[in-house]
Amino acid sequence: AAHSSKEVSGMQLYRTLGGPEGLHRLMFSTLMLHQWFQSGHQLTLNEWMQLNTSIDDRGSDIPVQVQTCIYTALAEGSMALGRAPPPVGGARKMPPRNAPTL
């Protein structure tokens, strides 16, 4: 999948958030937004950004560009959270229930 030229990722995202705590908070907020949408509720971008006020490591707001990108992906359903991709080569065969594992 091609990234939008406005999408912030990798080290640029890390620096934008001011450190790991801001990233953790944004990830948690993203997960909560995803669950909110999945349960059939509505939340506007402005409402979500208000909830995220001052959550980065410096006590600042997450840039609007970053929040808008995440919100849009979730609202449009183009970001699937909690669903692992299928294993390469097909489904993984699970050992019998009482089989020893390595």
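Residues numbered from 1 in each chain as written. Predicted model: local features only at pLDDT ≥ 70, side-chain atom pairs only at ≥ 80, totals over all residues. Heavy atoms only, no water.

1. Regarding the packing of helix H2 (residues 20-38) against helix H4 (residues 64-75)
Axis separation between H2 and H4 bottoms out at 10 Å; the angle between their running directions is 30°. By the criterion of interaxial angle, the relationship of H2 to H4 is roughly parallel. The two elements H2 and H4 meet at a crossing, and its hand is right-handed. Taking contact as the criterion, the partners of Leu26, Thr30, Leu33, His34 and Phe37 in H2 are, on H4, Val66, Ile70, Tyr71, Leu74 and Ala75. Across the contact of H2 with H4, the residue classes tally to eight nonpolar, two polar and no charged. (Axes fitted to C-alpha atoms, helices over the stretch in contact; angles between N-to-C directions. Helix = DSSP H or I, 4+ residues; strand = E, 2+ residues; numbered from the N terminus. Parallel < 35°, antiparallel > 145°, perpendicular 65-115°, else oblique. Left-handed = near helix turned anticlockwise from the far one by under 90°. Contact = heavy atoms within 4.5 Å. Nonpolar A, V, L, I, M, F, W, Y, C, P; charged D, E, K, R; others polar.)

2. Digging into the packing of aromatic side chains
When we look at a pair of aromatic rings, we describe it by the centre distance and by the angle of the planes. Under the counting rule described, the total for this entry stands at two aromatic pairs. The interplanar angle of 75° and the centroid separation of 5.7 Å between the aromatic rings of Phe37 and Tyr71 together place this pair among those described as edge-to-face. Of the two residues, Phe37 is situated in helix H2 and Tyr71 in helix H4; the sequence distance between them amounts to 34 residues. Residue classification places Tyr71 among the buried residues on the basis of a relative accessible area of 14%. Centroid distance Trp48 to Tyr71: 6.4 Å. Interplanar angle 35°. Geometry classified as tilted. Separated by 23 residues along the polypeptide, Trp48 in helix H3 (residues 45-51) and Tyr71 in helix H4 bring together distant segments of the chain. Across the pair, exposure class does not vary: Trp48 and Tyr71 are buried alike. Every member of this aromatic cluster is reached through a ring pair, and the members are Phe37, Trp48 and Tyr71. (Phe/Tyr/Trp six-rings, centres within 6.5 Å; stacked < 30°, edge-to-face > 60°. Buried < 20%, exposed > 50% of the residue type's maximum accessible area, 1.4 Å probe, protein only.)

3. Some remarks on the pattern of salt bridges
Per the counting criterion, the structure on display carries two salt bridges. The salt bridge involving Arg25 is made with Glu21; its shortest N-O contact spans 3.9 Å. Here Arg25 and its partner Glu21 are both found in helix H2, four residues apart, which amounts to about one turn of the helix. Judged by relative accessible area, Arg25 falls into the partly exposed class, the value being 36%. (Salt bridge = Lys/Arg side-chain N within 4 Å of Asp/Glu carboxyl O.)

4. Let's talk about a nonpolar patch on the surface
A surface patch of nonpolar side chains, about 270 Å² in accessible area, is lined by Phe28, Leu31 and Met32. Looking at the element boundaries, Leu31 is found in helix H2. (Patch = residues over 30% accessible without salt bridge, like charges linked within 9 Å, V, L, I, M, F, W, Y side chains within 5 Å. Areas by Shrake-Rupley, 256 points an atom, 1.4 Å probe, with all protein chains shown as cover.)

5. Looking at H2
With 19 residues, H2 ought to run about 27 Å at 1.5 Å a step, and its terminal C-alpha atoms sit 27 Å apart, in line with that. Residues of H2 that are buried: Gly22, Leu26, Ser29, Thr30, Leu33, His34 and Phe37. The arc that holds the buried residues of H2, viewed along the axis, is 140°, so those residues lie on one side. Exposed and oriented more than 90 degrees from the buried face of H2 are Phe28 and Gln38. (Expected span 1.5 Å × (residues − 1). Arc of directions from axis to C-beta.)

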